[in-house]
Amino acid sequence: MTTVSHNIGENIRRLSRQISSTTRKYRRSAGDIRLLAVSKTFPISDIRDAYAAGQRLFGESYVNEAISKIELLSELDIEWHYIGPVQSNKTRKIASYFAWVHSLGEARHARRLNEHRNGMSPLNVCIQVNISAEDTKSGIALHELEGLAESVLRLPNLRLRGIMGIPAEENSFERQRQAFAKLAQAYNRLQNRGYSLDTLSMGMTGDMQAAIAEGATMVRIGTAIFGPRQEKR
Ligand SMILES: *Cc1c(COP(=O)(O)O)cnc(C)c1O
């Protein structure tokens, strides 16, 4: 693990350099990868620091915590991404406050998000795929992916952008790559079926390089920007 300094701007600049060098190594272009700063559990002062360093995409996992931040920071030009588990009773809030949802895993949630998004610009959606087939992680199984993609496509207030995955933690770079390769295959398969997608959301602090090697277009990074979290829930 790299050590994380307390200077959030410095952390973002270091990450951008790491993203650039990793894209060069794997013959991808740095402009293909968007950095989502995962600010869950961190105070708005930290979000402001990241913003001052040029960061514009922020990810949150807890709906109520996120909404108070979104309201307090409404004067900033931030694109908010919801990356936590979707629950039916939170779909109205998610649809009203966020620009993106990375963690859609059920058709009934898609329908509710669509309803609550009425009259707004479409909500950008990634379907969360559970490739490690762990009971503890949310997301749908690979064989259900296309069915859910089809349902999302029929909903006018949702815009299907791609897929998201959180593979089981692995220390070996090769095993990290294997898991991300499965997600990339699923993503390519959907594209080959005619879905027009641009977002493969995969890679966190511990496995960002492997994700980029396998084709990530958005990496979701918390710890390497804001430091370790005091997980409270
Ligand atoms: C917390 C979280 C992250 C960030 O994880 P780090 O290891 O701190 O980079 C990324 N994605 C999701 C879905 C998360 O919940």
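Residues numbered from 1 in each chain as written. Predicted model: local features only at pLDDT ≥ 70, side-chain atom pairs only at ≥ 80, totals over all residues. Heavy atoms only, no water.

A. Just empty space enclosed by the protein, in detail. If you walk through the whole model with that rule in mind, you get one cavity of 30 Å³ or more. Of the volumes computed, that of the largest cavity is approximately 40 Å³. Taken together, Pro-167, Ala-168, Glu-170, Arg-175, Gln-176, Ala-179, Phe-180 and Asp-207 make up the full set of residues lining the largest cavity. (1 Å grid on protein atoms, 1.4 Å probe; cavity = no way out; pocket = protein on both sides within 12 Å on 5 of 7 lines; lining within 4 Å. Points joined across faces, edges and corners; volume = space filled by probe spheres on them.)

B. View of helix H1 (residues 8-25). Taking 1.5 Å as the rise per residue, H1 with 18 residues should run 26 Å; its terminal C-alpha atoms sit 26 Å apart, in good agreement. All buried positions along H1 are accounted for by Ile-8, Gly-9, Asn-11, Ile-12, Arg-14, Leu-15, Ile-19, Thr-22 and Thr-23. Where H1 begins, the side chain of Asn-7 points an oxygen toward the backbone nitrogen of Gly-9, at a separation of 3.1 Å. Just beyond H1, the residue with positive phi is Arg-27, at close to 55°. (Helix = DSSP H or I, 4+ residues; strand = E, 2+ residues; numbered from the N terminus. Expected span 1.5 Å × (residues − 1). Buried < 20%, exposed > 50% of the residue type's maximum accessible area, 1.4 Å probe, protein only. Polar contact = N/O pair within 3.5 Å; in protein donor to acceptor, adjacent residues only side chain to side chain.)

C. The arrangement of unusual backbone geometry in detail. At Arg-27, a residue that is not glycine, the phi angle is positive and equals roughly 55°. Tracing the chain through its elements places Arg-27 in the loop between H1 and strand S1 (34-38). For Arg-27, a relative accessible area of 78% corresponds to the exposed category. For Thr-41, which is not glycine, the phi dihedral falls at a positive 70°.

D. Broad picture of the nonpolar core. If you look at the biggest cluster of nonpolar residues, it comprises 64 residues, and the most contacted ones within it are Ile-127, Ile-163, Val-219 and Ile-225. Among the elements that make up this core, the one with the highest residue count is helix H7 (residues 173-192) (seven residues). Residues in contact with Ile-127, not counting those within four places in the same chain, are His-102, Leu-104, Ile-140, Leu-145, Leu-148, Ala-149, Val-152, Leu-160, Gly-162, Ile-163 and Met-164. (Core = buried A, V, L, I, M, F, W, Y, C linked by side-chain atoms within 4.5 Å. Contact = heavy atoms within 4.5 Å.)

E. Here's a closer look at the pairing of strand S5 (residues 123-128). Burial within S5 is extensive, with six of its six residues counted as buried. Burial of S5 is two-sided: the residues Leu-123, Val-125 and Ile-127 facing one way and the residues Asn-124, Cys-126 and Gln-128 facing the other way are all buried. Bridging between strand S4 (residues 100-104) and S5 involves three bridges; their strand directions are parallel. Looking at S5, one finds that Leu-104 is bridged to Ile-127. (Pairing = 2+ DSSP bridges.)

F. Representation of the pattern of salt bridges within the structure. One pass over the structure, following the stated rule, counts ten salt bridges. Between Lys-69 and Glu-65 there is a salt bridge, with the nearest N and O atoms lying 2.6 Å from each other. Residue Lys-69 and its partner Glu-65 are located together in helix H3 (residues 63-72), separated by four residues, close to a single helical turn. Residue Lys-69 shares its accessibility class with Glu-65, and that shared class is buried. Here Glu-106 makes a salt bridge to Arg-108, at a shortest N to O gap of 2.6 Å. For Arg-108, a relative accessible area of 41% corresponds to the partly exposed category. Taken together, the shared-partner salt bridges in this structure form one network comprising Glu-60, Glu-65 and Lys-69. (Salt bridge = Lys/Arg side-chain N within 4 Å of Asp/Glu carboxyl O.)

G. Seen up close, the site of the ligand. Around the ligand, the neighbouring residues are Val-38, Lys-40, Ser-61, Ile-83, Ile-166, Met-204, Thr-205, Arg-220, Ile-221, Gly-222, Thr-223 and Arg-229. For the ligand, a nitrogen atom lies 2.9 Å from a polar atom in the side chain of Arg-220. One of the backbone nitrogen or oxygen atoms of Gly-222 is found 2.8 Å away from an oxygen atom of the ligand. Looking at side-chain class alone, the shell around the ligand contains five nonpolar, four polar and three charged residues. (Near = heavy atom within 4 Å. Nonpolar A, V, L, I, M, F, W, Y, C, P; charged D, E, K, R; others polar.)

H. Region of interest: the pairing of strand S2 (residues 57-60). Covered by surrounding structure in S2 are Leu-57 and Gly-59 together with Phe-58 and Glu-60, the residues of both alternating faces. In this sheet, S2 lies alongside S1 in parallel orientation, the contact comprising two bridges. Counterpart to Val-38 in the pairing with S2 is Gly-59. Following the backbone out of S1, through helix H2 (residues 44-52) and into the adjacent parallel S2, one traces a crossover that is right-handed. Where S2 and strand S3 (residues 79-82) come together, four bridges link them in parallel fashion. In the strand pairing of S3, Leu-57 is matched with Glu-79. Traced from S2 through H3 to S3, the parallel crossover comes out right-handed. (Right-handed = clockwise from strand over helix to strand, strands pointing away.)

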